Amino acid sequence: QKEVEQDPGPLSVPEGAIVSLNCTYSNSAFQYFMWYRQYSRKGPELLMYTYSSGNKEDGRFTAQVDKSSKYISLFIRDSQPSDSATYLCAMIKTGNQFYFGTGTSLTVIP
Amino acid sequence: GAVVSQHPSRVICKSGTSVKIECRSLDFQATTMFWYRQFPKQSLMLMATSNEGSKATYEQGVEKDKFLINHASLTLSTLTVTSAHPEDSSFYICSARATGLPASPQHFGDGTRLSIL
């Protein structure tokens, strides 16, 4: 079993929809959580970084962490075609080891 | 802030050529930099972890003599693909973590698309 699991999709939604992207993890040693967005032929871009359970909001993006369930989510409100990309979750264990999910491919249809 | 510059963005060269890719952290110091390889529609594959002033740590299956990594300063790491062959064609991405911050995230460059003819 992988330490970080992420559904690869692909996920296709109409413009304006709320998108929910999720990752699960198996080890409670994960303490810091990130979401990256990667456009085709570009490097990943850091969207959200959080270390506590609960919600963190930035514009149309909300990152949610539930440490008791070992589950993190990224919500995108009012999705736009420009949100079409691959979204990667990432986590850091105590000891600074870094783990990535495999990425979820999202397409927002105009 | 936290900008990582990777150069060149695109390389096309003949088989047997050595290619150097640079990764610079522009507005922060990075003790640790990472080098990844990514095939189309696949996830990032970590090749090596580069620490300033010491030898890089390579992942299993990555040839250290083929992929030479140098991290001579807190803002620059280089990856040299020696005697490149068509099977080395890929998208190479670097990332950097800021020095002195606990559990700092990785910040990525925009990648280098390498094509070996």
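One can find the structure itself at the top, above this paragraph.
All figures in this text were calculated on a predicted structure; none of them were measured in a lab. Within each chain, residue numbers correspond to sequence positions counted from 1 in written order. As they are written, the chains are lettered A onward and the ligands numbered 1 onward, keeping that order. In view of the model being predicted, local features appear only for residues whose pLDDT reaches at least 70, and side-chain atom pairs are presented and counted only at 80 or more, with totals across whole chains, interfaces and linings using the full set of residues. Only hydrogens and water are set aside when side-chain values are computed; all heavy atoms of the structure are taken into account.

J.: Now, about unusual backbone geometry: what can you tell me, with residues and values included?
T.: Omega for the peptide link from Gly9 of chain A to Pro10 of chain A comes to 10°, which places this bond in the cis form. Labels follow the DSSP assignment, with helices taken as runs of H or I lasting at least four residues and strands as runs of E lasting at least two, numbered in each case from the N terminus. Mapping Pro10 of chain A onto the fold places it in the loop between strand S1 (4–6) and strand S2 (11–14). Residue His7 of chain B is joined to Pro8 of chain B through a cis peptide bond whose omega torsion reads 0°. Structurally, Pro8 of chain B can be placed in the loop between strand S1 (4–7) and strand S2 (10–13). In the Ramachandran plot, Lys41 of chain B falls in the positive-phi region, its phi being about 60° despite a non-glycine side chain.

J.: Describe the interface of chain A and chain B, listing the residues and the values that go with them.
T.: Residues count as neighbours in contact if any of their non-hydrogen atoms are within 4.5 Å of one another. With 16 residues of chain A at the interface, the matching set in chain B holds 17 residues. Summed over both partners, the accessible area (1.4 Å probe) lost when two parts come together is defined as the buried area. Among the residues of chain A in contact with chain B, Arg41, Pro44 and Phe100 of chain A are the three that bury the most area, contributing 30% of the side total. With its nearest N and O atoms 3.7 Å apart, the salt bridge here joins Asp110 of chain B to Lys42 of chain A. Two N or O atoms count as a polar contact when they lie within 3.5 Å, although within protein this holds only if one can serve as hydrogen donor and the other as acceptor, and sequence-adjacent residues are included solely when both atoms are side-chain atoms. Connecting chain A to chain B are three residue pairs in polar contact (both at pLDDT 80 or more). If you list the elements that add at least two residues to the side of chain A that touches chain B, you get strand S4 (30–38), strand S5 (45–50), strand S9 (85–93) and strand S10 (98–100) of chain A. Of the residues forming the side of chain A that touches chain B, the biggest block, four residues, is contributed by S4 of chain A. For the side of chain A that touches chain B, the residue count by class is 10 nonpolar, four polar and two charged. Salt bridge, as used here, is a side-chain nitrogen of Lys or Arg placed within 4 Å of a carboxyl oxygen of Asp or Glu. Three classes are used: nonpolar for Ala, Val, Leu, Ile, Met, Phe, Trp, Tyr, Cys and Pro, charged for Asp, Glu, Lys and Arg, and polar for all others, with Gly counted as polar.

J.: Which residues make up the packing of aromatic side chains, and what are the values?
T.: Paired rings are identified among Phe, Tyr and Trp, the last through its six-membered ring, by centres lying within 6.5 Å, and are further divided according to the angle between planes into stacked (under 30 degrees), edge-to-face (over 60) and tilted (the rest). Under the definition given, this model contains 13 aromatic pairs over all chains. A ring pair is formed by Tyr32 of chain A and Tyr51 of chain A, whose centres lie 6.1 Å apart and whose planes are at 55°; its orientation type is tilted. Of this pair, Tyr32 of chain A sits in strand S4 while Tyr51 of chain A sits in the loop between S5 and strand S6 (54–58); the two residues are 19 residues apart in sequence, bridging distant segments of the chain. Exposed residues in this analysis have more than 50% of their type's maximum accessible area, buried residues have under 20%, and partly exposed residues fall in between, with area computed by a 1.4 Å probe over protein chains only. Given the relative accessible area of 55%, Tyr51 of chain A is considered exposed. Ring plane angle 50° and centroid distance 5.8 Å describe the contact between Tyr36 of chain A and Phe100 of chain A, whose orientation is recorded as tilted. Linking Tyr36 of chain A in strand S4 with Phe100 of chain A in strand S10, this pair joins segments that are 64 residues apart in sequence. Among the residues examined, Tyr36 of chain A registers a relative accessible area of 0% and is labelled buried. In this structure an aromatic cluster arises from ring pairing among Tyr36, Phe98 and Phe100 of chain A together with Phe34, Tyr36 and Phe108 of chain B.

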